[in-house]
Amino acid sequence: MSVVTIKLTVLEARDLPPRSAGAPSPLSPYCIIEAGSTRSKSKVKSKTQTPVWNETFLLNQFTQRNTVITVYDDACQNKTDYVGKHFVDLSTIKVATDSWFRLQPKTEGTNVGEIHLRFDISVKDAKIPQAVLNEMKERLAKCQASGSKQLDLSSCYLPMLPKLLSQSFSFLVKLDLSFNSLSTVPDFSAFTALQELELRGNQLRELNDTIGTCPSLRILSASGNGMEIVNGAIGKLVNLEKLELANNQIIALPPEIGRLRLLTELLLTGNPLVVVPPSIGGLANLEVIDLSCCNLERLPEEFTLMSKLLDCNLGANKLHQLPAGMGRLTHLAKLNLMDNQLTDLPLSIGYCKGLGEIGSGIQVARNPLQDPVMVERAIIGADHLLEYLERKLAMANYPSLDPLPLNVDFGEGPPVSTASSVATPTTTTTTTTPTAQSPAPQSTAAVTASPYADIVVDTQLIQKVNALKKWAVQISSNDLIRRLAVLRNETRAASDLSELVPIGNRIKYLNKELAKIKQSVPFVDVKPPMLFYNEENLVENLRILTMEALNQIDNALRAITASVPDFQPPQDVQKLFGIVQILNDLKKVLM
């Protein structure tokens, strides 16, 4: 793997204004170069409109991709005012460049001159530092000694995948490469047994065609990379069950996404998506989808073909309307529509009986809904809102939803079965006046636990509860507890406050969540090892407090893992949904 370094030379400027607004004396220009998290400053050239700097700055083409060169006036008392700016996308620089660039003014329509820049490119092979190699070898030795098929190489600052790994550890079933410095997806073709791959917190700009070399993958996580492109090769992962690409910069999904017929969980929150492809309807087994905090303006009608959806999060988007056939999603137990631009809800949502029965299933707050009764019922509760929608559906004599064939583009590859077309939910008709009851007859199963012994529980509700229990256990015992282990290691290794404070800031907001967990799942607070408080050592004091907080969270998650499998409908449904919401909140803070 290669590292591309850009040598930026700020040469000179011309035709700058004689003085900046409000400055008492002639212009004395200097430059600020903002690249990623770094900020550099040139020398000040006194009282001149044609400064010559000839100063050089080294930039990384990936980590400092978006660079801004701003010309300021040292004579100006207001340091937030600037003369002009020039924006550079380093990824577009393929060859050495020497050119003049027009500065963008703060006030539109004014001419503030030009700046002369030179870009030189240096390409070097990446080398793994010896300290990183030593840490990696220690973990590899432990893996070999234990005979484990799982390897954790997270937080090793690896810039590339060592050849030793593919040569001697091709038997791995699970590989964690999260929180390293990978800028391209490595070749995993040697790992024929690999089922779970963690790539979170790296520097991957693209999920390229190399990912298609892992056809056995069941779980792929690549959140928090700044990724912009998902290659169509994703469609080759036909055994994938969970795909997590949250908090990236993905603006579009390839049509091949619809080929992932076994996918049950798709997490895309925090991406600037405007639309999703119609082929998404091919995800016939999807149960959880998170498209919150994107820029979605509409959803294709094929979205309603994912008939096994249990949890659908569309919050914080720009949706003006929903597909008319939302009623096809009859298994929905949770639908978040908050913070959109919806003026109405599709009548067919009345068919989604589970959204009302479970109580907190549908959320529509902060939408400009035009129906005052709908707004009033939503404020009272999700069950009241669903009752109102069911009543409207009944008054319309249960209008049918025509079968929707899945005739869409799935990109390159073999033909995809379109047998997932969904027709209208079945209804019953009687001669009596329509009521708010759902028209679809359901099979039932008796619940014997007191005081619910006489309550008959919908088997679909039981299926939904079991699916959510499985999800809650997986998230708490797998994703979150492993993330806590990484944070513990980072806390122990931290040498100064600049390394500890970011960790402390991430967890200090979790006291409320811990209190909520205690209400639902009793657990005994962890007593940390005896630690001595040192008034003179702020670093050690903060380390102690951080470790205590991490121990508390770990204990709570283990209590959830142990207790949730025993939850039963209907008595524990509200408690289960509370736990699911807490876990989602914890994910946002910790992941």
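1. Let's talk about the packing of aromatic side chains
Point 1. Using the criterion set out here, one finds five aromatic pairs in the structure.
Point 2. Seen from their ring centres, Tyr30 and Tyr72 are 5.8 Å apart, and the 20° between their planes marks the pair as stacked. Of this pair, Tyr30 sits in strand 2 (residues 29–35) while Tyr72 is found in strand 5 (residues 66–73), placing the two residues 42 residues apart along the sequence.
Point 3. Look at Tyr30 and you get buried, because its relative accessible area is 8%.
Point 4. An angle of 35° between the planes, with centres 5.8 Å apart, marks the rings of Phe169 and Phe171 as tilted.
Point 5. You can call Phe169 buried: its relative accessible area is 2%.
Point 6. For Phe171, a relative accessible area of 35% puts it in the partly exposed group.
Point 7. Taken together, Tyr30, Tyr72 and Tyr82 form an aromatic cluster joined through their ring pairs.

2. Things to note about the environment of Val173
Point 1. Position of Val173 among the secondary structure elements: in the loop between helix 2 (163–168) and strand 11 (174–176).
Point 2. The exposure class assigned to Val173 is partly exposed, which follows from its relative accessible area of 24%.
Point 3. For the pair Val173 and Ser148, spaced 25 residues apart in sequence, the C-alpha to C-alpha distance is 9.1 Å.
Point 4. Excluding residues that lie within four positions of it along the chain, Val173 makes contacts with Lys149, Ala193, Leu194, Gln195 and Glu196.

3. So, the confidence of the model for the protein
Point 1. Of all residues in the protein, 80% have pLDDT values of 70 or greater, and the mean over the chain is 79.
Point 2. For residues 427–457, every residue scores under 50 in pLDDT, and the model assigns this stretch 48 contacts once sequence neighbours within four places are set aside.
Point 3. Below a pLDDT of 50 lies the segment residues 526–535, which in the model reaches 11 contacts outside its immediate sequence neighbourhood of four places, other chains included.

4. Focus on helix 1 (residues 130–146)
Point 1. For helix 1, built from 17 residues, the straight-helix expectation of 24 Å at 1.5 Å per residue is met to within 8% by its first-to-last C-alpha distance of 24 Å.
Point 2. Residues Val132, Leu133, Met136, Arg139, Leu140 and Cys143 constitute the buried set of helix 1. An end-on view of helix 1 places all buried positions within 130° of arc, on one side of the element. Facing away from the buried surface of helix 1 by more than 90 degrees, the exposed residues are Ala131, Lys142, Ala145 and Ser146.
Point 3. Tucked into the core, helix 1 has its buried residues touching strand 10 (150–152) and helix 2.
Point 4. Immediately beyond the C-terminal end of helix 1, within one or two residues, lies Gly147, with a positive phi of roughly 70°.

5. Brief notes about the sheet that holds strand 8 (residues 104–105)
Point 1. Read from one edge of the open sheet, five strands run 3-2-5-6-8, paired in antiparallel fashion. Taken across any chain shown, the strands that pair with only one partner, and hence form the sheet edges, are strand 3 (38–41) and strand 8.
Point 2. In this structure, strand 6 (residues 84–89) lies alongside strand 8, joined through two bridges in antiparallel fashion. Along strand 8, the bridge assignment pairs Lys85 with Gln104.

6. Side note on the layout of surface pockets
Point 1. Of the voids in this model, the largest pocket is the one considered here, and its volume is about 670 Å³.
Point 2. What lines the largest pocket is a set of 32 residues, among which Thr269, Asp290, Ser292, Asn584 and Lys588 lie closest to the centre.
Point 3. Broken down by secondary-structure element, the contributors of at least two residues to the lining of the largest pocket are strand 18 (288–290), strand 19 (311–313), strand 20 (334–336) and helix 10 (573–590).
Point 4. In terms of residue count, the dominant contributor to the lining of the largest pocket is helix 10 (four residues).
Point 5. Residue composition of the lining of the largest pocket, grouped by class: 11 nonpolar, 13 polar and eight charged.

Basis of the calculations
Residues numbered from 1 in each chain as written. Predicted model: local features only at pLDDT ≥ 70, side-chain atom pairs only at ≥ 80, totals over all residues. Heavy atoms only, no water. Phe/Tyr/Trp six-rings, centres within 6.5 Å; stacked < 30°, edge-to-face > 60°. Helix = DSSP H or I, 4+ residues; strand = E, 2+ residues; numbered from the N terminus. Buried < 20%, exposed > 50% of the residue type's maximum accessible area, 1.4 Å probe, protein only. Contact = heavy atoms within 4.5 Å. pLDDT = per-residue confidence, 0-100. Expected span 1.5 Å × (residues − 1). Arc of directions from axis to C-beta. Pairing = 2+ DSSP bridges. 1 Å grid on protein atoms, 1.4 Å probe; cavity = no way out; pocket = protein on both sides within 12 Å on 5 of 7 lines; lining within 4 Å. Points joined across faces, edges and corners; volume = space filled by probe spheres on them. Nonpolar A, V, L, I, M, F, W, Y, C, P; charged D, E, K, R; others polar.

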